[in-house]
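# Coordinates in review
Residues per chain are reported as follows:
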Amino acid sequence: GAAFDVLILGRSIRALTAAGVLVPLRIFNTPVVTAKELKALPKDNDNDYQPTALGELLSRPKLVGDVLENWLRIAKGKRTLLFCVNKTHGAALLAEFLRQGIQAEMLTDQDDDATREEVIARLEHGDTQVIVNCYLLSYGTDIPAVECISLARPTRSLTTFLQMTGRGLRPS
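Source: prediction; values computed, not measured. (Residues numbered from 1 in each chain as written. Predicted model: local features only at pLDDT ≥ 70, side-chain atom pairs only at ≥ 80, totals over all residues. Heavy atoms only, no water.)

Assigned secondary structure in the protein consists of seven helices and four strands. Element order for the protein, N to C, with α for helix and β for strand: α-α-α-α-β-α-β-α-β-β-α. Relative to the 2.2 N^0.38 estimate, which gives 16 Å for 172 residues, the radius of gyration of the protein is 17 Å and therefore close to what a compact globule would have. Principal-axis analysis of the C-alpha atoms places the extent of the protein at approximately 55 × 40 × 30 Å. In the protein, which comprises 172 residues, the share counted as buried stands at 35%. Restricting the contact set of the protein to residue pairs at least 6 apart, pairs at least 24 apart contribute 66%. When the accessible surface of the protein is summed, it comes to about 10,300 Å², and 53% of that surface belongs to carbon and sulfur atoms. (Helix = DSSP H or I, 4+ residues; strand = E, 2+ residues; numbered from the N terminus. Rg over C-alpha atoms; globule rule 2.2 N^0.38 Å. Buried < 20%, exposed > 50% of the residue type's maximum accessible area, 1.4 Å probe, protein only. Contact = heavy atoms within 4.5 Å. Areas by Shrake-Rupley, 256 points an atom, 1.4 Å probe, with all protein chains shown as cover.)

Right, let's get into the layout of surface pockets. A volume near 1,300 Å³ is recorded for the largest pocket. Along its surface, the largest pocket is lined by 41 residues, and R26, I27, F28, I149 and S150 are the ones closest to its centre. Of all elements in the fold, only α4 (61–75), β4 (148–151) and α7 (158–166) reach the threshold of two or more residues within the lining of the largest pocket. For the lining of the largest pocket, the leading source of residues is α4, giving five residues. Considering only residue class, the lining of the largest pocket consists of 27 nonpolar, eight polar and six charged. (1 Å grid on protein atoms, 1.4 Å probe; cavity = no way out; pocket = protein on both sides within 12 Å on 5 of 7 lines; lining within 4 Å. Points joined across faces, edges and corners; volume = space filled by probe spheres on them. Nonpolar A, V, L, I, M, F, W, Y, C, P; charged D, E, K, R; others polar.)

Before going further, it helps to examine the packing of aromatic side chains. Each pair of aromatic rings is reported with the distance of its centres and the angle of its planes. In this structure the tally under the stated criterion is one aromatic pair. Measuring from ring centre to ring centre gives 5.4 Å for W71 and F97, while their planes differ by 65 degrees; the resulting arrangement is edge-to-face. Of this pair, W71 sits in helix α4 while F97 sits in helix α5 (residues 87–99), and the two are 26 residues apart along the sequence. Given the relative accessible area of 0%, F97 is considered buried. Across the ring face of Y49, the terminal group of R156 is positioned such that the distance to the ring centre comes to 6.0 Å. (Phe/Tyr/Trp six-rings, centres within 6.5 Å; stacked < 30°, edge-to-face > 60°. Lys NZ or Arg CZ within 6 Å of the ring centre and 35° of its normal.)

The next thing to look at is the pairing of β4. Judged by which residues are buried, β4 turns out to be one-sided: C148 and S150 face inward and are buried, whereas I149 and L151, on the alternate face, are not. Relative to β4, strand β1 (residues 80–83) runs parallel, the two being bridged by four bridges. If you follow F83 over to β4, its bridge partner there is L151. (Pairing = 2+ DSSP bridges.)

Looking now at the pattern of salt bridges. Here the structure, examined in full by the defined rule, presents seven salt bridges. Notably, a salt bridge pairs K62 with D66, separated by 2.9 Å at the nearest N-O pair. Highlighted residues: K62 and D66, both in helix α4, separated by four residues, approximately one helical turn. Between E96 and R99 there is a salt bridge; the shortest N-O distance is 2.9 Å. You can see E96 and its partner R99 sitting in helix α5, three residues apart, about one turn around the helix. Judged by relative accessible area, which is 17%, E96 ranks as buried. What makes R99 exposed here is its relative accessible area of 57%. (Salt bridge = Lys/Arg side-chain N within 4 Å of Asp/Glu carboxyl O.)

Okay, the pairing of β1 next. What you see with β1 is no split at all: T80 and L82 on one side and L81 and F83 on the other are buried throughout. Across four bridges, the pairing between β1 and strand β3 (residues 130–133) is parallel. The residue bridging F83 from the neighbouring strand is N133, located in β3.

Pasting the structure below:
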């Protein structure tokens, strides 16, 4: 209200999908933590889950294994962006995918632009099946070859959720 007089809403995901601008999506809800566990987590300043506590919860070996198991059951062979909580959680997920012989790589904020472009190119060409990342590929990323988004990190933020899932809606 202080900065703008009018809010103009863009077309909905449903309308953009019907127009062929976005691809139809299929959602598989395979929770690896309970609502009670999530509710008990502390919140950050944005009322989202506090990353350190969420990362500790989700880095438990059983939960890391559940992410891999669900991916193998639902999306095996699909070019995937896997969103994790933090670098420690991402490293645990990456190790599990690699242990199973799946071509996976991890991108972090410490990787330079050239490295990011090389990893994304390998995903686009099918040499890499899974890119594990933490927020890095949430915004302003357009990789139409992506066939699957794996949210290995819950969020209370609709904006964050839409940004992550939106990375898989581009037609190839």
